[in-house]
Every structure is written in structure tokens, then in C-alpha cells.
Amino acid sequence: MSGMGWMSGNRQERRWPGVDLRMDVPHSARVYDYLIGGKTNFEADRTAAHASVKAWPALPTSMRTTRTFMQRVVRHLAEEHKVRQFLDIGTGIPTSPNVHEIAQGIAPEARVAYVDNDPIVLTHARALMSSTEEGRTTYIDADFRDVDSIIGAPQLREVLDLTQPVALSLIAIVHFVLDQDDPQGIVRRFMDELAPGSFLALTVFTGDTDPVGVGGVGREYNARGIPLQIRDKDETLAFFDGYDLLDPGVTLVHQWRPDADAAPVRDQDIAMYGGVAVKRG
């Protein structure tokens, strides 16, 4: 099914074949959905979520805080850097506000291409297609590791102009790519395809704040067939090699340009580094 998708903002629509949700095994997108209070999940996902929270009770707080980091990043890039194109890979189950809702709320002409390969996300792709008349959105069913299938997807090329700056959003995805698959190399391949002036927004799951608790989460995920790799700050910085980090650099996600009215969060309750960088000419 790779490379198939829906598109809004024009008259074209692609339809999906039947999708096997495999409700008897947990999926990372559904576990995440459950932990942030969503309803699109099944018993296997809830069992995995409960075991992970037992290992580290702060996990839901960390996940919700990562979600609000994404929202601040999109708002900042659209408002302060006038970014009008976003490539969001690892979209997850739609949870409002999504990237296009934030970006198009600031600039109605903004264009967003969503990418994921979880079957549950595929079934909810229509929720990501409510574009403004001025803008465009599309959804591509593809694996993050298959750079060529994403960059070469016709619907991506119909929505995004890769000769102009694009913000590549990789929120809560690279920890599902093990070192043997060279996630830093994958990110570089994507950035190589994007024009100067493009941005990289990325988060990395870390155990630096609570090695024991976060390590327990990693064991629970891996034991249930969801490969997950925990990385430290140096490994996080490696994803940004060759690009110019925006202030305040790589931080725990709640420390990156927090809203003035944000509720206080303890560092030890966060297991995600985040940063945003620009590709210079």
C-alpha cells in the first residue's frame, strides 16, 4: 500500500483497499493514543500502555508534553519563519490540533503532507484532509525508512514544492528506528532532498532524566514487538549535525520555547529531547 493516499484542496481522491488492523497486537500509534486520553485503541494497546506506565508512571505526562512541543514548533515556524510547507512523518492517529490546523490557522495557504505506515492511522486519514480552500493536505502510507517512496510519491509532489523551504517534522518517531537502520542517515537523506532554508524538527526518546524508569518502558515495548531505542543527548545532537540549531538548541521538550502560561513540569517526568534546526544554503 506504500505510496497510496488521499488529498484535499483539489478534486482528486484516492481510496484505500481493506486494512488489517491486527487488533490482537499492540501498535505504537494506538498505545500513544490511549496514553494521551484518546479512544482509538484496543485491549492489546491498553495492556501494553498499562505495563509501560507501571514501569514509569510519568510516561503519559512525557507524551502529552511532546505533543504540545510539536504544536509550539509548528506555530513558531509558521509565525516567525513564514514556513508554508510541512512534511510530517510519523503522523500518528489524528488528534486536534494537527499540523495543518495550526499552520493553516496562521497561514491559510499552508500545505501539509502527512506520512505514516500504521494501519490504524490509515483508516483515520480522512481526518487529516480538512484543508482550507487556500491550502492543501495529503496523506501518504509509507515507511519512514523508505525515503525514495516518500520523496517520490506523486501526491507529495502535487502538494509540496521541494524547490522551496519545507519543515520536516519527525516527532516521536526516530526511537522506533534502531541503530542498525541508521536513523541519522535517513534524516540526512530527507534533508538532502529539501531546499536551503528548510527546517528539521525532531524529538528523541531518552533515559537521561530517569534511566531506570525509562529503561523499563523500553523493555515493555520491545517485549511486545514494538522495537524502541533509547538515546542520550549526544546521540540526539548527532541528528542535527550539519544544520544550524535554533535557540535554545536541543532541550527537554518542555524547555523549548515554553508558553508563558504553561503548567510547570519536572525534568524527571520528561523522556524526550527536542530541537529545531535550519538547513543553510
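Quick caveat: nothing in here was measured; it's all calculated off a predicted structure.

### Description of helix H8 (residues 183-193)
Phase 1: Within H8, the full set of buried residues consists of Pro183, Gln184, Gly185, Ile186, Val187, Phe190 and Met191.
Phase 2: Of the surrounding secondary structure, the elements contacted by the buried residues of H8 are strand E2 (85-89), helix H6 (147-151), strand E5 (167-170), strand E6 (199-205) and helix H10 (233-238).

### Structural notes on the packing of helix H1 (residues 28-35) against helix H2 (residues 43-55)
Phase 1: Viewed as axis vectors pointing N to C, H1 and H2 meet at an angle of 65°, and their least axial separation amounts to 9 Å. In this structure, the crossing between H1 and H2 has a hand that is right-handed. Here Arg30, Val31, Tyr34 and Leu35 of H1 lie close against H2, whose contacting residues are Asp45, Arg46, Ala48, Ala49, His50 and Val53.
Phase 2: Looking at the contact of H1 with H2, its residues break down into six nonpolar, one polar and three charged.

### Some remarks on the pattern of salt bridges
Two side chains bearing opposite charge may form a pair once their charged atoms approach each other closely.
Phase 1: Counted according to the given criterion, the structure contains eleven salt bridges.
Phase 2: Between glutamate 109 and arginine 84 there is a salt bridge, with the nearest N and O atoms lying 3.2 Å from each other. Of this pair, glutamate 109 sits in the loop between helix H4 (99-106) and strand E3 (111-116) while arginine 84 sits in the loop between helix H3 (59-80) and E2, placing them 25 residues apart in sequence.
Phase 3: Overall, the relative accessible area of 39% leaves glutamate 109 in the partly exposed class.
Phase 4: Residues aspartate 244 and arginine 280 are paired through a salt bridge, measuring 2.9 Å at the closest nitrogen-oxygen approach. Within this pair, whereas aspartate 244 is found in strand E7 (residues 244-245), its partner arginine 280 is found in the segment after strand E9 (272-278), the two being separated by 36 residues in sequence.
Phase 5: With a relative accessible area of 53%, arginine 280 lands in the exposed category.

### Considerations on the layout of surface pockets
Phase 1: Counted as a void, the second largest pocket has a volume near 230 Å³.
Phase 2: Lining the second largest pocket are Thr65, Thr68, Gln71, Arg72, Arg75, His254, Pro258, Asp259, Ala262, Ala263, Pro264 and Val265.
Phase 3: For the lining of the second largest pocket, a count of residues per class yields five nonpolar, four polar and three charged.

### Details of the packing of aromatic side chains
Phase 1: If you walk through the whole model with that rule in mind, you get three aromatic pairs.
Phase 2: With a centroid separation of 5.8 Å and 5° between ring planes, the pair formed by phenylalanine 144 and phenylalanine 190 is classed as stacked. With phenylalanine 144 in the loop between strand E4 (136-141) and H6 and phenylalanine 190 in helix H8, the pair connects residues that are 46 residues apart, well separated along the chain. Of the two residues, phenylalanine 144 and phenylalanine 190, neither departs from the other in class, the shared state being buried.
Phase 3: Geometry around tryptophan 256 places arginine 257 over its ring, the cationic atom sitting 5.4 Å from the centre.

So, how was this worked out
Residues numbered from 1 in each chain as written. Predicted model: local features only at pLDDT ≥ 70, side-chain atom pairs only at ≥ 80, totals over all residues. Heavy atoms only, no water. Buried < 20%, exposed > 50% of the residue type's maximum accessible area, 1.4 Å probe, protein only. Helix = DSSP H or I, 4+ residues; strand = E, 2+ residues; numbered from the N terminus. Contact = heavy atoms within 4.5 Å. Axes fitted to C-alpha atoms, helices over the stretch in contact; angles between N-to-C directions. Left-handed = near helix turned anticlockwise from the far one by under 90°. Nonpolar A, V, L, I, M, F, W, Y, C, P; charged D, E, K, R; others polar. Salt bridge = Lys/Arg side-chain N within 4 Å of Asp/Glu carboxyl O. 1 Å grid on protein atoms, 1.4 Å probe; cavity = no way out; pocket = protein on both sides within 12 Å on 5 of 7 lines; lining within 4 Å. Points joined across faces, edges and corners; volume = space filled by probe spheres on them. Phe/Tyr/Trp six-rings, centres within 6.5 Å; stacked < 30°, edge-to-face > 60°. Lys NZ or Arg CZ within 6 Å of the ring centre and 35° of its normal.

Take it as geometry only, folks, not as evidence of what the structure does.
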